[in-house]
Amino acid sequence: MTDTRDARADLARDLAATCRLTGRFVLRSGRIADEYFDKYRFEADPVLLDRVAAGLAELVPSDTQVLAGLELGGIPVVTALARHVGLPCAFVRKTAKAYGTARLAEGADVAGRRVLVVEDVVTSGGQVVLSTGQLRELGARVDHALCVIDRAEGGAAALAAHGVTLRALVTRADLDAAR
């Protein structure tokens, strides 16, 4: 257990060093924050992204049939995670495109399957709640969501209110402890 805890603490430290920015930032929720976690910094680093995916692999529920990455930040995370767990992916758009297949979820079929929603950073949980609802309308069975960073600002509670349990690789507290 200590090895896993130490590895997670090392990963939290490296994530904090790589993606924690300070300044004035407008979050998706419209709230102003003086700190921002720029997930594209770890998603663009193949070594760090692979470490993230390896850690996330331990959190994937055993009955998962499809990994669903949310546009845009969840896409590289879900692709890297799929390499570790050997499950197919669906790439979930914020809105269905009006051309081509005109699908909301590209890739693996989600209808009738147990789907794990994968996101990079969860703050309020708003986009995960919306996308989960859309996936359920497509026939997916969604009970869990997985994220790299839970900012611990209400996202887990918002998801729980919609019957979804959030699992996080690291939390805001983990990142703060890594300072």
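Let me begin by describing the structure that accompanies this report. (Residues numbered from 1 in each chain as written. Predicted model: local features only at pLDDT ≥ 70, side-chain atom pairs only at ≥ 80, totals over all residues. Heavy atoms only, no water.)

### A look at the pairing of strand 1 (residues 20–26)
Moving on, step 1. Bridging between strand 1 and strand 2 (residues 32–37) involves five bridges; their strand directions are antiparallel. Residue valine 26 lies in a different strand from strand 2, and its bridge partner there is isoleucine 32. (Pairing = 2+ DSSP bridges. Helix = DSSP H or I, 4+ residues; strand = E, 2+ residues; numbered from the N terminus.)

### Focus: the environment of leucine 116
Moving on, step 1. Considering the arrangement of structural elements, one finds leucine 116 in strand 6 (residues 114–122).
Moving on, step 2. Beyond its immediate chain neighbours, meaning those up to four positions away, leucine 116 contacts Val60, Pro61, Thr64, Val66, Leu67, Ala68, His144, Ala145 and Leu146. (Contact = heavy atoms within 4.5 Å.)

### Details of the pattern of salt bridges
Moving on, step 1. In this structure the tally under the stated criterion is 18 salt bridges.
Moving on, step 2. As a salt-bridge pair, arginine 13 and aspartate 10 come within 3.0 Å of each other at their nearest N and O atoms. With a gap of three residues between them, arginine 13 and aspartate 10 both fall in helix 1 (residues 2–19), about one helical turn apart.
Moving on, step 3. Between glutamate 153 and arginine 172 there is a salt bridge; the shortest N-O distance is 3.6 Å. Of this pair, glutamate 153 sits in the loop between strand 7 (141–150) and helix 6 (155–160) while arginine 172 sits in helix 7 (residues 172–177), and the two are 19 residues apart along the sequence.
Moving on, step 4. Counted as one network, the salt bridges with shared partners bring together Arg20, Arg31, Glu35, Arg151, Glu153, Arg172 and Asp176. (Salt bridge = Lys/Arg side-chain N within 4 Å of Asp/Glu carboxyl O.)

### Comments concerning the sheet that holds strand 8 (residues 165–171)
Moving on, step 1. Taken together, the six strands give an open sheet; going across it, the order is 5-4-3-6-7-8, and neighbouring strands pair in mixed fashion. The sheet is open, and its two borders are formed by strand 5 (105–107) and strand 8, each paired with just one other strand. Between one strand axis and the next, the sheet turns through 25° on average, direction left out of account.
Moving on, step 2. Bridge count for strand 6 against strand 7 is eight bridges, and the pairing is parallel. Looking at strand 7, one finds that leucine 116 is bridged to histidine 144.
Moving on, step 3. Packed on one face of the sheet, helix 4 (residues 74–85) meets strand 3 (66–70), strand 4 (89–92), strand 6 and strand 7 and runs near 160° to strand 3.
Moving on, step 4. This element, helix 5 (residues 126–137), spans strand 3, strand 4, strand 5, strand 6 and strand 7 of the sheet and lies at about 160° to strand 6. (Axes fitted to C-alpha atoms, helices over the stretch in contact; angles between N-to-C directions.)

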